[in-house]
Amino acid sequence: MTEPTLDTNSYDERECSCPREFYQRAELNTSLFFADCKRSIDFVLAYKINSHAPTEVEYADKRRIFEERLIKQGLEVEISHLDQIYFVKLHAPLEVLRRYAEILKLRMPMKEFLSNLSVNERSNRLQYAAQCLSKIPGLSVVKTSTKSVFSSLKTVWQFFLRNIYVDENLFPKRAHRFTAIYSRDKEYLFDIRQDCFFTTAVRSRIVEFILDRQRFPAKRDSEMAFGIERLIAMGVYCAAYPLHDGDIMEVGTMRELLYTNWASVKKWYRYQPLDDIKEYFGVKIGLYFAWLGYYTYMLLLASIVGLACFLYSWISLKNYVPVKDICLRSNVNITMCPLCEWCEFWDLKETCNYAKITYLIDNPSTVFFAVFMSFWATLFLELWKRYSAEITHRWDLTGFDVHEEHPRPQYLARLKNIKPTRTDYVTNIKEPTVPFWRMKLPATVFSFSVVLLLIASAFVALVAVVVYRMSLVATLNNDRSGMTTSKAIVVATSAAAFVNLCLLYVLNYLYSHLAEYLTELEMWRTQTQFDDSLTLKIYLLQFVNYYASIFYIAFFKGKYIGHPGQYIKVFQYRQEECSSGGCLTELCIQLAIIMIGKQAFNTILEVCLPMFWRRVLVIKVGLKKLIGNAVKPNKGKDERWMRDFKLLDWGARSLFPEYLEMVLQYGFVTIFVAAFPLAPFFALLNNILEMRLDAKKLLTHHKRAVSQRVRDIGVWYRILDCIGKLSVITNGFIIAFTSDMIPRWVYRYKSENGSLDGYLDFTLSEFKISDSAELRRLASDSSNITTCKYTDFREPPNSPNQYTYSDMYFIILACRLAFVVVFENFVALVMIFVRWCIPDMSVELRDQIRREIYITNEIIINQEAQRARFERSRRMSMSRNPSVDDVDAASVTEPNLKLIQMEKLLTANEIEMDSIIHGENSTTGISGADC
C-alpha cells in the first residue's frame with residue numbers, strides 16, 4: 001500500500017484552519033484512507049454474519065438496498081473484513097459535501113479576498129489615559145519610580161499565568177477567519193479545493209445526516225424502517241462511527257495530544273484547549289467542557305469563602321455560651337422528654353458533641369454565606385452569558401438559528417401518511433402538522449399523567465425511608481446495647497441516608513427510560529425540542545427524587561409534632577422528631593451523604609463501567625482479539641476501523657447524564673448551602689477530577705463522536721436560573737425556621753448585656769410527667785423524675801394556659817417571617833442590580849461582531865459586482881463573435897479566470913437539491929419532507 005501524497009510545502013497557516021500535524025498524520029496512518037490511499041474514510045459501518053441462515057438472508061437484503069441508496073446519494077463504498085467482522089467504509093466526495101453543506105446551511109471559512117478589510121482593534125482607554133497623565137510633571141516622576149516595581153510584579157504574574165494557561169507551543173492559537181453560509185451559487189467565496197476546507201468533523205456530520213434518512217426494506221410497511229440507528233437496533237449492523245485520527249499513544253495525532261495534555265489528571269491546573277476540543281469533537285462537546293471548566297473556576301471563589309466561614313465557626317466555637325452550658329454544667333442534670341414512642345428519658349449532657357457540630361453550621365457566618373452564595377449564583381450565570389458570547393463568536397455560532405434545524409426523521413416518519421399542510425416560515429418548506437385532538441393532546445395528557453405517577457412514587461420512597469429510620473431508632477433503643485437516644489437517632493439518620501441514596505439510583509434508571517418513551521410520544525419536530533422536553537422531564541423527576549428527603553428534613557420534620565402528652569399522630573404513631581442536635585444537624589448529614597456519596601459513586605462508575613462494557617462488547621460480538629489492543633499503539637496488527645470498532649458508542653444524548661450530574665450538584669451547592677457550607681469545596685474537588693475523567697473517557701473508551709452544532713447549553717441555562725432563584729427562598733427559610741439564628745437574635749436583643757447567658761434555659765419548656773399516662777409508665781422506674789424538658793416555647797405546667805404557645809413563640813415567629821421578607825427582597829434587589837451592571841455581551845465584542853458582519857457583506861458585495869462585470873464582458877464578447885465560446889484567455893484577469901473555473905465546477909443543478917429537501921426523490925429514503 002502506497003503512502004498518500006500530499007504537498008506539505010503548500011501549507012499556509014493563514015488560509016488553513018487545520019494544524020500542521022494534519023499532513024504528517026495523513027502520511028503516516030494509511031488506515032484512515034481507502035485502498036488507493038487518496039480517499040479518506042469518513043464513516044464506517046460494521047456488521048457480522050448472522051449464524052441463522054434465514055435471518056442472515058433478510059439482513060443481507062436490507063444491507064444491500066441500504067448501501068445502494070447510499071451510493072445513489074453519491075457516497076463511495078469500500079468493504080473490508082477482519083475477524084469475521086465486515087466493515088463498510090464510506091467516503092463523501094467533494095460533490096456530496098458541497099450539496100449537503102448547502103442543505104445544512106453550514107458556515108464555512110471564506111477566502112482572504114481583501115487584505116485591507118480587517119477588524120480594527122479598539123484602543124485601550126486606560127493606556128491612553130495613562131499616557132496623558134504621564135505628561136504632567138508631577139506624575140511623570142511617579143511613573144518612573146513605580147515602573148521597576150510594576151515590571152517585576154508583571155514578570156512573576158506572567159510566569160504564573162504561563163503555567164496555568166494553555167501551552168501555545170502544543171496548542172497554537174487559530175487564526176480568525178470570516179465565514180458565511182455555504183452556497184454553491186457563491187462558491188467563488190470559498191476555497192473548496194483546500195485539503196482541510198471540509199474538516200473531518202464536518203465530513204462525518206454530513207455522512208451521518210445521509211445515513212439517518214435512508215430507508216431499508218421491511219416485512220410490513222413500517223413507518224420507522226429508515227435510518228442507521230434502526231438497523232443497528234435490529235442487529236443488521238453492529239456499529240456506525242467516524243474514525244479517530246490515531247491511537248492515544250501515537251505521537252503526532254490530535255488524539256494523543258489531547259490525551260497527554262488535556263485528559264491527564266496531572267494537568268488539572270491547566271486551562272483546557274477548548275478550540276482544539278471543539279475541532280476534534282464538535283461544538284456540542286466543546287461547549288460542555290467550556291461550561292464545566294467555567295463552573296469549576298467559579299467554584300474556587302465559593303470554596304474559599306465557605307472554608308473561611310467554616311474556619312471562623314471552628315475558632316469561635318470555644319466562646320459559644322450555649323455549648324458551654326451543655327458541656328460544662330456538670331452540677332446540673334437536665335432531664336429531657338423522650339424523642340419517640342420507644343425512647344427513654346435522656347440527659348441533655350449527651351448532646352455535647354452534637355451541639356458543637358450544630359454550631360459549626362449554625363453560626364453568624366451562616367447568614368453571610370447564604371447571602372454570598374445567592375450573589376454568587378447570579379454572578380456565575382451573568383458572567384457565563386458574557387463568556388458564552390465570546391465562545392459563540394469565536395466558534396462562529398452567532399449566526400446559528402435553531403429554527404433552521406431540520407425535522408427529526410422519527411417525526412417525519414410518523415407523519416408520512418399526513419399531507420403537508422404547513423409551510424415553515426424560515427425554510428419555506430411544506431411540512432405535515434401533528435393533529436392536535438387525535439395525536440398531540442392524548443400524548444401530552446398521557447405523558448403528564450405518567451410524570452405525576454412517577455413523582456408520587458418518589459414520595460412513596462420518601463415515606464419508606466422515614467419508616468425505616470423510625471424502625472431503626474426503635475431497634476437501637478431496645479437492643480440493650482447501652483446506646484444513647486441521641487446517638488441512636490444520628491446512626492439511624494446516617495443509615496437511612498445511605499438507603500435513600502440506593503433507592504435514588506434504582507428510581508433514576510426507571511425515570512430515564514420512561515421519560516424518553518414519553519417524549520417520543522409527544523411528537524416534537526426538531527432534535528432540540530425533543531432534547532429540551534426530555535431534559536425538563538428527567539430533571540423534574542430527579543429533582544423530586546434527590547431533594548424530597550432534604551426538603552422534608554429542612555421544613556417538615558419536627559415542625560408539627562405537638563408536645564408531650566398531646567402529640568399529633570399519623571396512623572396512631574408519633575411523627576419523627578429531630579435529633580438532640582437539632583434538625584439542621586440531620587439536614588447537614590443527609591446533604592453530605594447524598595452529595596458526597598453520589599459524587600464518589602459516579603466517579604467510580606465512570607472509571608469502571610466503560611472498561612466493563614467494552615469487555616461485554618467483545619463477548620457479545622465474538623471478537624477473538626483482546627480488548628486492550630484498542631488503546632495500545634498501532635503496530636500494524638489492526639487497522640484503524642477495527643480498533644475503533646472495539647470502543648463504545650458515544651450516542652447523541654450521551655452528554656445528558658454529564659449535564660444532569662453537574663446541575664444536580666449545582667442544586668446542592670446553592671439551594672441548601674446554609675446547612676452545608678463545605679458543599680462548594682467538595683464540589684470543586686469533584687469537578688477537577690470529573691473534568692479530566694470525562695476527557696479521558698471520551699478519548700480512551702469511546703468511538704469518536706459525530707460533530708453536533710449548538711448555540712448554547714440550551715434548556716440547562718434556564719434550569720440553572722430557576723435553581724438560583726429557588727436558592728434564595730430556601731436559604732432564607734432554612735435560616736429563619738430550621739436554624740436557631742432568629743431565637744438567638746431575639747434573646748440578645750432582650751438581654752441586658754446582649755450576651756447568650758441563660759439562652760439554653762430560654763429555649764426549653766417544662767412538662768409535668770403526671771399529666772401524661774405514657775410518661776408515667778416510663779418514669780415508674782425512676783421515682784425522682786417529676787418533670788422533663790423539651791425544645792419549644794410553651795407555657796409552663798403551673799400556668800392557666802399550660803402547654804399552649806407562649807407570647808415569646810409569636811414574637812419569634814414574627815421575627816422569622818420578617819427576616820424572610822427582608823432577606824428575600826434584599827437579595828432579589830441586589831441580584832437585579834448585578835444583572836443590570838453586567839451586560840450579556842461586552843461592548844468590544846458587540847462592536848467586533850458588527851465590524852465582521854460589515855466586512856463579510858463588503859466581501860460578498862465586491863465579489864458579486866466583480867462577477868457581474870465579468871459576466872457582462874463575456875456576453876459582449878460572445879455577441880461580437882458568436883463562434884467564440886469564451887473570452888480570450890489573455891483578456892481574462894486572474895480573479896475572472898478563477899470565476900470561470902468555479903463555474904465549470906458547478907455541475908450539480910438546483911433540481912437535485914430541491915428533491916432532497918422536499919423528499920420527491922425516492923433515493924432520499926423518506927417521502928414527504930425528510931429534511
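Conventions used here
Residues numbered from 1 in each chain as written. Predicted model: local features only at pLDDT ≥ 70, side-chain atom pairs only at ≥ 80, totals over all residues. Heavy atoms only, no water. 1 Å grid on protein atoms, 1.4 Å probe; cavity = no way out; pocket = protein on both sides within 12 Å on 5 of 7 lines; lining within 4 Å. Points joined across faces, edges and corners; volume = space filled by probe spheres on them. Helix = DSSP H or I, 4+ residues; strand = E, 2+ residues; numbered from the N terminus. Nonpolar A, V, L, I, M, F, W, Y, C, P; charged D, E, K, R; others polar. Axes fitted to C-alpha atoms, helices over the stretch in contact; angles between N-to-C directions. Parallel < 35°, antiparallel > 145°, perpendicular 65-115°, else oblique. Contact = heavy atoms within 4.5 Å. Patch = residues over 30% accessible without salt bridge, like charges linked within 9 Å, V, L, I, M, F, W, Y side chains within 5 Å. Areas by Shrake-Rupley, 256 points an atom, 1.4 Å probe, with all protein chains shown as cover. Salt bridge = Lys/Arg side-chain N within 4 Å of Asp/Glu carboxyl O. Pairing = 2+ DSSP bridges. Phe/Tyr/Trp six-rings, centres within 6.5 Å; stacked < 30°, edge-to-face > 60°. Buried < 20%, exposed > 50% of the residue type's maximum accessible area, 1.4 Å probe, protein only. Core = buried A, V, L, I, M, F, W, Y, C linked by side-chain atoms within 4.5 Å. pLDDT = per-residue confidence, 0-100. Disulfide = S-S within 2.5 Å.

Chemist: Can you break down empty space enclosed by the protein residue by residue, with the values?
Modeler: All chains considered together, the criterion is met by 10 cavities of 30 Å³ or more. For the lining of the largest cavity, the secondary-structure elements that each account for two or more residues are helix H15 (436-478), helix H16 (485-521) and strand S14 (573-574). At three residues, H15 tops the list of elements feeding residues into the lining of the largest cavity. When grouped by side-chain class, the residues that make up the lining of the largest cavity number seven nonpolar, two polar and seven charged.

Chemist: Please provide a residue-by-residue account of the packing of helix H20 (residues 655-671) against helix H21 (residues 679-700), values included.
Modeler: One way to put it is that H20 packs onto H21 with a least axis distance of 11 Å and a crossing angle of 170°. The angle between H20 and H21 falls in the class roughly antiparallel. Contacts from Glu658, Glu661, Met662, Gln665, Phe668 and Val669 in H20 reach Ala679, Pro680, Ala683, Asn686, Asn687, Glu690, Asp694 and Lys697 in H21. Classifying every residue of the contact of H20 with H21 by side-chain character gives six nonpolar, three polar and five charged.

Chemist: Which residues make up a nonpolar patch on the surface, and what values go with them?
Modeler: Together, Trp342, Val570, Phe571 and Tyr573 make up a nonpolar patch on the protein surface, roughly 470 Å² of accessible area in all. Turning to its location among the elements, valine 570 is positioned in strand S13 (residues 569-570).

Chemist: Which residues make up the pairing of strand S2 (residues 76-82), and what values go with them?
Modeler: Relative to strand S3 (residues 85-91), S2 runs antiparallel, the two sharing seven bridges. Within S3, the position partnered with glutamate 76 by the bridge is histidine 91. Taking the residues between adjacent antiparallel strands as the criterion, S2 and S3 are bridged by two residues, where aspartate 83 takes a positive phi near 55°.

Chemist: Tell me about the packing of aromatic side chains, and name the residues and values.
Modeler: Applying the stated criterion across every chain, the model contains 57 aromatic pairs. Seen in terms of ring centroids, tyrosine 288 and tyrosine 659 are 5.0 Å apart; in terms of plane orientation they differ by 75°. Their pairing is edge-to-face. Of this pair, tyrosine 288 sits in helix H10 (residues 283-316) while tyrosine 659 is found in helix H20, placing the two residues 371 residues apart along the sequence. With relative accessibility at 1%, the residue tyrosine 288 sits in the buried group. A ring pair is formed by tyrosine 547 and phenylalanine 668, whose centres lie 5.1 Å apart and whose planes are at 85°; its orientation type is edge-to-face. Here the residue tyrosine 547 occupies a position in helix H17 (residues 527-555), and phenylalanine 668 occupies one in helix H20, the gap between them amounting to 121 residues.

Chemist: Give a description of the nonpolar core that names residues and reports values.
Modeler: Core analysis: the biggest nonpolar cluster contains 143 residues, and Phe281, Phe289, Trp291, Trp376, Tyr539 and Tyr547 have the highest contact counts within it. For this core, the leading source of residues is H10, giving 15 residues. If we ignore the near neighbours within four places in the chain, the residues touching tyrosine 539 are Tyr547, Leu660, Val663, Leu664, Trp716, Ile719 and Ile723. Ranked by size, the runner-up nonpolar core spans 44 residues in total, among them Phe66, Phe198, Val236 and Ile860.

Chemist: Describe the sheet that holds S2, with residues and values.
Modeler: In space, the four strands of this open sheet follow the order S2-S3-S1-S6, with antiparallel pairing throughout. Two strands in the sheet have a free side with no partner beyond their single neighbour: S2 and strand S6 (239-241). Shown here is a sheet whose adjacent strand axes are inclined to one another by a mean of 20°, direction ignored. Across six bridges, strand S1 (residues 43-48) lies against S3 in antiparallel orientation. When the bridges of S3 are listed, phenylalanine 43 appears paired with leucine 90. Contacting S1, S2 and S3, helix H2 (residues 53-72) runs over the sheet at an angle of about 165° to S1. Lying on the sheet, helix H6 (residues 200-211) is in contact with S1 and S3; it crosses S1 at an angle near 50°.

Chemist: Tell me about the pattern of salt bridges, residues and numbers included.
Modeler: All chains considered together, the criterion is met by 31 salt bridges. Among the ionic pairs, arginine 184 bridges to glutamate 95, the shortest N-O distance being 3.3 Å. One end of the pair, arginine 184, is in the loop between strand S5 (179-181) and H6; the other, glutamate 95, is in helix H3 (residues 94-103), and 89 residues separate them in sequence. For glutamate 95, a relative accessible area of 23% gives the class partly exposed. The residue aspartate 792 makes a salt bridge to arginine 794 at a minimum N-O spacing of 2.9 Å. Owing to a relative accessible area of 12%, arginine 794 belongs among the buried residues under this scheme. Because the salt bridges share partners, they merge into one network encompassing Glu382, Lys385, Asp721, Lys725, Arg835 and Asp840.

Chemist: Describe the confidence of the model for the protein, listing the residues and the values that go with them.
Modeler: Residues with a pLDDT of 70 or more make up 78% of the protein, whose mean pLDDT is 77. Between residues 114-123, whose pLDDT stays under 50, and residues either more than four places distant or in other chains, the model counts 17 contacts. Taken as a whole, residues 624-636 scores under 50 in pLDDT and shows 30 contacts with residues more than four places along the chain or in a different chain.

Chemist: Which residues make up the packing of helix H13 (residues 364-394) against helix H22 (residues 715-738), and what values do they have?
Modeler: Their axes nearest at 10 Å, the elements H13 and H22 cross at an angle of 170°. With respect to H22, the element H13 is oriented roughly antiparallel. Taken together, the residues of H22 that come into contact with H13 (itself represented by Thr366, Val367, Ala370, Ser374, Ala377, Phe380, Leu381, Glu382, Trp384 and Lys385) are Tyr717, Leu720, Asp721, Gly724, Val728, Asn731 and Ile735. Within the contact of H13 with H22, the residues separate by chemical class into 10 nonpolar, four polar and three charged.

Chemist: So what about the state of the cysteines? Which residues, and what values?
Modeler: This structure, assessed with the given rule, holds two disulfides. With a sulfur-sulfur separation of 1.9 Å, cysteine 327 is cross-linked through a disulfide to cysteine 352. A torsion of 110° about the S-S bond marks the disulfide between cysteine 327 and cysteine 352 as right-handed. Residue cysteine 327 is found in helix H11 (residues 321-328), and its partner cysteine 352 is found in helix H12 (residues 352-361); the two are separated by 25 residues along the sequence. Here cysteine 337 is linked by a disulfide to cysteine 788, with a sulfur-sulfur distance of 1.9 Å. Looking down the S-S bond of the cysteine 337 and cysteine 788 bridge, the torsion is 85°, so its handedness is right-handed. Of this pair, cysteine 337 sits in the loop between strand S7 (335-336) and strand S8 (346-347) while cysteine 788 sits in strand S16 (residues 787-791), placing them 451 residues apart in sequence. For the pair cysteine 337 and cysteine 788, a shared accessibility class is recorded, and that class is buried.

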